[in-house]
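As a plain string of letters, each chain reads:
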Amino acid sequence: MARSTEAVGIVGLGYVGLTTAACFAARGVKTVGIDVDEEKIAGISRGKPPFVEEGLEEMLRKALKRGYLNVTSDYDALADARIYYITVGTPNTRKGSIDLSSVKSASRSIGKVLRSSEWYKLVVVKSTVTPGTTSQVVRPLLDSESHRRQDNFGLAANPEFLREGHAIEDTMHPDRLVIGASDLTSERTLVSFYRGFYRSLPKTIRTTPVNAELIKYASNSFLATKISFINEIANLCANIPGADVSVVAKGMGLDKRIAPSFLRAGLGYGGSCFPKDVQTLIKLAEQVHVNMSIATTAHKANRRQALVAIELTQKLIGDISGKKIAMLGLAFKPDSDDMREAVSLRLIRELMNKGAKVTAYDPAAVPNARRIFGDRIDYSKSVKECLNRADCCIVVTEWPEFSKLRPAHFKKLMRTPAVVDGRRVLDPQLFVKSGVRFAAVGYSGST
Ligand code: UDX
């Protein structure tokens, strides 16, 4: 249903860009998506997203069919758009600081488009960028490339908070909008666009670009810290007879001030955001001589946490050299094929170093794992195949199908039934009673 006459250009069709483009177009916003990767453009034009995301393919196909979405690598296609979003990636350099090269090249290209524009346009930075980037990096490039037509365009930082696997839901129903506009006209333009798009404007904070940029880093680092904190409590629970972190977390989460989300203990956080954003924040603070000791500890604790799975495996089966280890889960989280900074990467490397033979199963991420590990590990097409004649199984990602597994499945298929639950998806009581050798993060195992 067409509800908006606004035309929008989105530069960078990665996770955020493509989801945003599909959601805008699905609600009748004329949207042009730009990416420099021709292969990616070819796939998207055929209605094929380059990653797994619930509901995205269907939404994309509808938007393309109805003519609300056009994807191309040609910046000229942006001429009619009124709002330009920068949604390119901001990876980390090897030293842990932010690599802004894609943001810079997108800004230059948009600046050139602004040069010939007759109407007021708004440039919105949605990519996660360090404080000061919108005003001190993007603005000067837009100025110089547009031949200083400042009066003809506005600028705002507007970070996104979408989660992989829930990207559409989070885009369509955000908890809040963060609008860091450089002036009142930019703010009004963006608020008015979102008012039309959402019908009723979500909770919105209107602030400066620098605060908006910081809100993103502070939010992600806080959530990462919350996970590292509960993982630390989990490691304590594992050493206190009768203790179980899932019960402790549940009790904590009932306090409104604490809240239950992001208190799931496990093998640590991964993905394209948390590890990168925490490191960037630490690096950024270093540059202004501030010691982010809490974020630093959360980051270090997270790197160690994956190894808890190895310790538990050794506790169950002793020396793992030459043993067949069945890994259930490769993606950094369920409902995704993304393996960026996934816990599985560190675990597989560590298991191989110790001479174990790894066989892995994941409902979505096997093609990505093959690109990384080639034939150094084995891949299975099902849980059954993965468990077959294994010496120990580690649950690495909390895919729903793994929580349905019962002791009998492991007993029937494995050489020696031994299970390490790295994501707390199995019922410990059931497993302990069944005689399967069992260990889980944050579970002491004895009463
Ligand atoms: C995150 C943020 O949630 C999102 O707002 C931001 O814009 C991008 O980064 P995402 O990386 O998709 O989103 O995943 P999220 O669901 O937040 O999980 C991140 C990692 O934390 C996963 O590896 C997950 O397994 C782990 N996690 C999450 C836990 O270990 N315990 C929890 O309680 C929650």
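Let us look at the structure shown here. Quick caveat, the model's predicted, so the values are computed rather than measured.

With that out of the way, let us pick up the overall build of the protein. Within the protein, the regular secondary structure consists of 18 helices and 14 strands. Relative to the globule expectation of 22 Å for 447 residues, the C-alpha radius of gyration of the protein, 24 Å, shows essentially globular dimensions. In the protein, buried positions account for 55% of the 447 residues. For the protein, restricting intrachain contacts to residue pairs at least 6 apart in sequence, the fraction spanning at least 24 positions comes to 73%.

Now for the site of the ligand. Taken together, 20 residues surround the ligand, and among them Phe161, Glu164, Arg264, Cys273 and Lys333 come closest. At 2.6 Å from an oxygen atom of the ligand is found a main-chain nitrogen or oxygen belonging to glutamate 164. At a separation of 2.8 Å, an oxygen atom of the ligand approaches a polar side-chain atom of lysine 333. For the ligand, the protein covers 95% of the area, taking 670 Å² as the surface of the free molecule. Residues belonging to the shell around the ligand are distributed by class as follows: 9 nonpolar, 3 polar and 8 charged.

Here we come to unusual backbone geometry. Glycine aside, negative phi is the norm for most residues, and most peptide bonds take the trans geometry. Of note in this structure, arginine 389 is not a glycine but carries a positive phi near 60°. Not every positive phi belongs to a glycine, and arginine 424 is a case in point at roughly 55°. Here arginine 424 lies in the loop between β13 (418-421) and α18 (428-434).

All right, on to the sheet that holds strand β14 (residues 437-440) then. One open sheet accounts for 6 strands, arranged β11-β10-β9-β12-β13-β14; its pairing is parallel. Of all strands in the sheet, those with a lone pairing partner are β11 (378-379) and β14, marking the two edges. Where strand β10 (residues 357-361) meets β11, 2 bridges bridge the pair, whose relative direction is parallel. Directly across from alanine 360, in β11, lies its bridge partner tyrosine 379. Running over the sheet, helix α13 (residues 343-353) touches β9 (324-328), β10 and β12 (392-395) and is turned about 180° from β9.

Moving on to the side chain of asparagine 152. Turning to its location among the elements, asparagine 152 is positioned in the loop between α5 (133-145) and β6 (153-157). Residue asparagine 152 is classed as buried on the basis of its relative accessible area of 12%. In terms of polar contacts, asparagine 152 uses its side chain to reach the backbone carbonyl oxygen of serine 117, at 3.1 Å.

Turning to helix α4 (residues 101-115), a few remarks are in order. Taking 1.5 Å of rise per residue, 15 residues should cover 21 Å, and α4 covers 21 Å from first to last C-alpha, within 8% of that figure. Taken as a whole, α4 has its buried residues at Val103, Ala106, Ser107, Ile110, Gly111, Val113 and Leu114. Buried residues of α4 fall within an arc of 160° about the axis and therefore sit on the same side. Those residues of α4 hidden inside the fold are in contact with β1 (7-11), β4 (83-86), β5 (121-125), α5 and β6.

Attention now goes to the nonpolar core. Counting residues in each nonpolar core, the largest one holds 69 residues, and the members touching the most others are Leu328, Leu330, Leu351, Phe402, Phe410 and Leu426. Per-element tally for this core: the top contributor is helix α12 (residues 308-317), with 6 residues. Ala21, Ala22, Val124 and Ala181 belong to the second-largest nonpolar core, a separate cluster that totals 39 residues.

This part is about the state of the cysteines. Note on terminology: disulfide describes a covalent bond linking the sulfur atoms of two cysteines. A complete count under the given rule lists 0 disulfides for this structure. Looking at the unpaired cysteine 386, the closest cysteine sulfur is the one in cysteine 393, lying at 6.6 Å. Classification of cysteine 386 as buried rests on a relative accessible area of 0%.

What characterises a pair of aromatic rings is the spacing of the ring centres plus the angle enclosed by the ring planes. Taken as a whole and assessed by the stated rule, the structure comprises 14 aromatic pairs. Considering the side-chain rings of tyrosine 194 and tyrosine 198, the 5.9 Å spacing of their centres and the 35° angle between planes classify their relative orientation as tilted. Of the two residues, tyrosine 194 and tyrosine 198 are both situated in helix α7 (residues 184-198); the distance of 4 residues between them amounts to about one turn of the helix. The structure contains a cluster of three or more aromatic residues connected by ring pairs, namely Phe24, Tyr85, Phe193, Tyr194, Phe197 and Tyr198.

All told, the structure shown has 19 salt bridges when counted by the stated rule. Between aspartate 35 and lysine 40 there is a salt bridge, and its shortest N-O distance comes to 3.5 Å. For arginine 423, the salt bridge goes to glutamate 398, with nearest N and O atoms at 3.7 Å. Here the residue arginine 423 occupies a position in the loop between β13 and α18, and glutamate 398 occupies one in the loop between β12 and α16 (400-403), the gap between them amounting to 25 residues. With respect to class, arginine 423 is no different from glutamate 398; both count as buried. Residues participating in the shared-partner salt-bridge network are Lys48, Glu57 and Arg61.

This paragraph deals with the side chain of threonine 31. Tracing the backbone through its elements, the reader meets threonine 31 in strand β2 (residues 30-34). For threonine 31, a relative accessible area of 2% translates into the label buried. Of the polar contacts made by the side chain of threonine 31, one reaches the backbone oxygen of valine 29; its length is 2.8 Å. Excluding anything up to four places from it in sequence, threonine 31 contacts Val8, Ile10, Ala21, Phe24, Ala25, Tyr68, Leu69 and Asn70.

The rules behind the values
Numbers given to residues run from 1 along each chain, matching the order in which its sequence is written. In keeping with the model being predicted, local features are shown solely for residues with a pLDDT of at least 70 and side-chain atom pairs are shown and tallied solely at 80 or more, while totals for entire chains, interfaces and linings include all residues. To get the side-chain values, take all heavy atoms of the structure and skip hydrogens and water. Labels follow the DSSP assignment, with helices taken as runs of H or I lasting at least four residues and strands as runs of E lasting at least two, numbered in each case from the N terminus. Atoms counted for the radius of gyration: C-alpha only. Globule rule: 2.2 Å times residue count to the power 0.38. Classification of residues uses two cut-offs on accessible area relative to the type maximum, computed with a 1.4 Å probe and protein chains only: under 20% is buried, over 50% is exposed, and between them is partly exposed. We call two residues contacting when some pair of their heavy atoms lies within 4.5 Å. Note on definitions. A residue lies near a molecule or strand when any single heavy atom of the residue is within 4 Å of it. Contacts described as polar in this section are N or O atom pairs within 3.5 Å, which, within protein, must combine one atom able to donate a hydrogen with one able to accept it, while residues neighboring in sequence count only if both atoms come from side chains. The accessible surface values rely on the Shrake-Rupley method and a 1.4 Å probe; as for residues, cover is taken only from the protein chains in view. Each residue is assigned to one class: nonpolar for Ala, Val, Leu, Ile, Met, Phe, Trp, Tyr, Cys and Pro, charged for Asp, Glu, Lys and Arg, and polar for all the others, Gly among them. Criterion used throughout: strands pair if DSSP finds at least two bridges between them. Helix axes are fitted only over the stretch in contact, all axes being lines through C-alpha atoms; the angle between N-to-C directions runs from 0 to 180 degrees. Each residue after the first adds 1.5 Å to the expected span of a helix. Directions pointing from the helix axis toward each C-beta atom define the arc. To define a nonpolar core, start from buried Ala, Val, Leu, Ile, Met, Phe, Trp, Tyr and Cys residues and group those joined through side-chain atoms within 4.5 Å. Note that a disulfide, as used here, is simply two cysteine sulfur atoms within 2.5 Å. Each Phe, Tyr or Trp ring (for Trp, its six-membered ring) is paired with any other whose centre lies within 6.5 Å, and the angle between the two planes then decides the class: stacked below 30 degrees, edge-to-face above 60, tilted in between. One side-chain nitrogen of Lys or Arg within 4 Å of one carboxyl oxygen of Asp or Glu is enough to make a salt bridge.

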